[in-house]
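A look at the structure
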Amino acid sequence: MERRDFIRTTLIGAAALGVGFYGGRKIGIKQPFETIIKNGVIYTGDGKAPIKGDIGIRDGRIAAIGTLGDNADFILDAKGLAISPGWIDIHTHTDTNLFLAPKGDSRIFQGITTDIGGNCGDSPFPYSDAHYEANKDTLRHGYPFWQDIDGFYDAYRKQGIGINYGSFVGQGQLRSAVIGDNNIPATPETLAKMCSILDREMEMGAVGISLGLEYAPSSYASDEELIELCKVVAKHDGLYAIHMRNEDDFVEESLKDAIRIARDSGARLQVSHLKAQNAANWHKMPTLLAMIDQAKAEGIDIAFDRYPYIAFSTSLSSFIPLNDRQGSSEEVLARLTDDVKAAEIGRYAESRIKRLGGPQNVLIATCRAEGNSQYSGKNVAECCQISGMEVWPMIRHLLISEKLNVQMAGFAMKEENIQMEYRHPLSMPGSDGSVYSPEGPLSESIPHPRSYGSFPRLFCKYVREDKILDLATAVHKCSALPASRLKLKERGLLIPGYWADVVVFNPDTIEERSTYDNPHQFPVGIEHVFVNGVWTIKEGSHTGKLAGVIV
Ligand SMILES: [Zn+2]
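Because the structure is predicted, anything quoted here is derived from the model rather than measured. (Residues numbered from 1 in each chain as written. Predicted model: local features only at pLDDT ≥ 70, side-chain atom pairs only at ≥ 80, totals over all residues.)

**With respect to the pairing of strand β15 (residues 302–306)**
Of all five residues making up β15, five are buried, and the element is well covered by its neighbours. Both faces of β15 are covered, namely the face carrying Ile 302, Phe 304 and Arg 306 and the face carrying Ala 303 and Asp 305. In this sheet, β15 lies alongside strand β14 (residues 268–271) in parallel orientation, the contact comprising three bridges. Counterpart to Leu 269 in the pairing with β15 is Ile 302. (Buried ≥ 20, exposed ≤ 12 C-beta atoms within 10 Å, placed from the backbone. Helix = DSSP H or I, 4+ residues; strand = E, 2+ residues; numbered from the N terminus. Pairing = 2+ DSSP bridges.)

**So, the sheet that holds strand β18 (residues 407–410)**
Two orientations exist for strands paired in a sheet by backbone hydrogen bonds: parallel and antiparallel. Across the sheet, three strands lie side by side as β16-β18-β17; this open sheet has antiparallel pairing. The sheet is open, and its two edges are formed by β16 (312–315) and β17 (362–364), each paired on a single side. Averaged over all adjacent pairs, the angle separating strand axes in this sheet is 30 degrees, with direction ignored. Where β16 meets β18, four bridges bridge the pair, whose relative direction is antiparallel. Opposite Ser 315, over in β18, you have Gln 407 as the bridge partner. (Axes fitted to C-alpha atoms, helices over the stretch in contact; angles between N-to-C directions.)

**Side note on the packing of helix α12 (residues 339–355) against helix α14 (residues 391–401)**
For the pair α12 and α14, interaxial distance at closest approach is 10 Å and the crossing angle is 110 degrees. Considering their axes alone, α12 and α14 lie roughly perpendicular with respect to each other. Residues Ala 342, Gly 346, Ala 349, Glu 350 and Ile 353 of α12 lie in contact with α14, whose contacting residues are Val 391, Trp 392, Ile 395 and Arg 396. Taken together, the residues that form the contact of α12 with α14 break down as six nonpolar, one polar and two charged. (Parallel < 35°, antiparallel > 145°, perpendicular 65-115°, else oblique. Contact = placed C-beta atoms within 7 Å. Nonpolar A, V, L, I, M, F, W, Y, C, P; charged D, E, K, R; others polar.)

**So, the sheet that holds strand β7 (residues 112–117)**
Taken in spatial order, the three strands line up as β6-β7-β10 in an open sheet, and their pairing is parallel. One side of each edge strand has no neighbouring strand; the edge strands of this open sheet are β6 (87–89) and β10 (164–167). Within the sheet, the average angular offset between the axes of one strand and its neighbour, ignoring direction, is 15 degrees. In the sheet, β7 pairs with β10 via four bridges, with the strands oriented parallel. Bridged to Ile 116 within β10 is Gly 166.

**Quick word on the packing of helix α8 (residues 223–235) against helix α9 (residues 251–265)**
For the pair α8 and α9, interaxial distance at closest approach is 8 Å and the crossing angle is 50 degrees. Compared by their axis directions, α8 and α9 come out oblique. For α8 against α9, the interelement crossing comes out right-handed. Where α8 approaches α9, its residues Asp 223, Leu 226, Ile 227, Cys 230, Lys 231 and Ala 234 are matched on the opposing element by Asp 257, Arg 260, Ile 261, Asp 264 and Ser 265. Residues of the contact of α8 with α9, tallied by class, amount to five nonpolar, one polar and five charged. (Left-handed = near helix turned anticlockwise from the far one by under 90°.)

**Digging into unusual backbone geometry**
In this structure, the amide linkage connecting Phe 125 to the following residue, Pro 126, adopts the cis form with an omega of -15 degrees. Counting through the fold element by element, Pro 126 comes out in the loop between β7 and α4 (129–135). A cis amide bond, omega 0 degrees, links Ala 216 with the succeeding residue Pro 217. For Pro 217, the position within the fold is in the loop between β12 (208–212) and α8. Phi is positive for Leu 404, which is not a glycine, with a value near 75 degrees. Within the element layout of this structure, Leu 404 appears in the loop between α14 and β18. The phi angle at Glu 539 is positive, at roughly 50 degrees, despite the residue not being glycine. Within the secondary structure, Glu 539 sits in the loop between β22 (534–538) and β23 (541–542).

**Here we look at the environment of Asp 54**
As for its placement among the helices and strands, Asp 54 is situated in strand β2 (residues 51–58). According to the C-beta neighbour criterion, Asp 54 is buried, with 23 such atoms within 10 Å. Separated by 73 residues in the primary sequence, Asp 54 and Tyr 127 place their C-alpha atoms 48 Å from one another. Contacts of Asp 54, omitting those with residues within four sequence positions, involve Ile 36, Ile 37, Lys 38, Gly 66, Thr 67 and Leu 68.

**Considerations on the nonpolar core**
Within the largest apolar cluster, 127 residues are counted, with the highest numbers of intra-cluster contacts made by Ile 83, Tyr 240 and Leu 494. Counting residues per element, this core draws most heavily on helix α16 (residues 450–465), at seven residues. In this view, Leu 494 contacts Ile 42, Thr 44, Gly 45, Ile 55, Ile 62, Ile 65, Ile 83, Pro 85 and Val 502; residues no more than four positions away in its chain are not counted. (Core = buried A, V, L, I, M, F, W, Y, C linked by C-beta atoms within 7 Å.)

**Digging into the environment of Ile 227**
Assignment of secondary structure puts Ile 227 in helix α8. Classification of Ile 227 by C-beta neighbours within 10 Å gives buried; the count is 20. In sequence terms Ile 227 and Ala 262 are 35 residues apart; their C-alpha atoms lie 7.6 Å from each other. Contact partners of Ile 227, with chain neighbours within four places excluded, come to Ile 261, Asp 264 and Ser 265.

Below, the structure written as structure tokens:
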């Protein structure tokens, strides 16, 4: 459905409910409300200029918009603040992290009310019959071991979640369940089996399929195999999301393949984290966007997402060749302390750094070992200046002294390309992040700041500072656009009858605070968040409510 049709349909749907009004005309509003949000500037999510008025919430839904008086249990004065539909993150790896942080801290505090997981070919289901048989008497995160999306969703329903959640079926996991993890071509039988499991998962509520073609075993699938799987998704009008086979030297060829799979299967296409990685490929972005425009003109239903950061985040040990990363930490460290072997690893590391554009593009995150604190948050060129070491000896020193446990950010992407992407009408933010929390087991990790800051960063940097987007367009990209891609029912717009997922924020102060070396920081400027009508973030603090549902 085109966006315009989508909005028209939903307006008719809202009118049919016979509650409230839209655009300021009263038609017999039932009182009282549970909550009235007063005096705010309302961005409905349709991308048009905002409207002034009050929002009345009842039974989890938006009951009315207009001049509503004061007849409510709670009145929220939103003077000077912007009101938006709750933000929807179409590309996350939240997966099972809501078991470890049910409130969804890193998401809800940045205004995200719906996370979509199961991306890049990986989801915590489905499992083979044999795997399920072997594990079914055990507990997973305290819940009966599940085999399919239904069991996984059920565990979340039993536990309670602070944000809404939906998932793709990871094609890598699906292939693993049927064929295993090795590079074996599908047979007509195994392909039929994968299609039938996928069909069932779609029926149980999966939003679509995700491919992660840079990772095994997802990568072992031929394009023909993928087309057959995507036909199943098309039958359910689901979405086909792709982490392409290559995102640097062969990104154009990979995008061409992605579009061909959509064309031949009839599935709607979402290109995940669209980028042209490494300096030698930065010039390719206009071509990629032109290819997307051309596919759209040809009638292919295509869009893409992108996180608002120019760096990826990984372990510094990714500079060690895969072969030499095998085995225990002790074995890897032994290779690094062996001068001959280390010289060989160093040549590989230096070639990788050259492709990234130089040591100044490699940022070292938190260092914990004694004497290393001066390197935290510095790039490798700066670290070399501080220590007097050359590039590879510096990295080798960090890897050995930190016992391999040191994170890095690689600035492999170009700022102008992100701006170009966000200007494009088919783009939307997708964090590629996950649920984290400054408390509990997830606080131990050092995630990419995108998990905490993607959406505030869009509004701070690309709306307020760089003026790439106006506020109404940015809100649309965070709400109605992803909702329409995902076919989420009655979400993504602020109109009567829709679920009351609402963000109240200050467009003048909204800002991400999470950084590469200090990531567990909540953003500022997100004042209030409602999830299904329940006040979950109140004056910047969490109320403890878990009002999320499976979408
Ligand atoms: Zn990916």
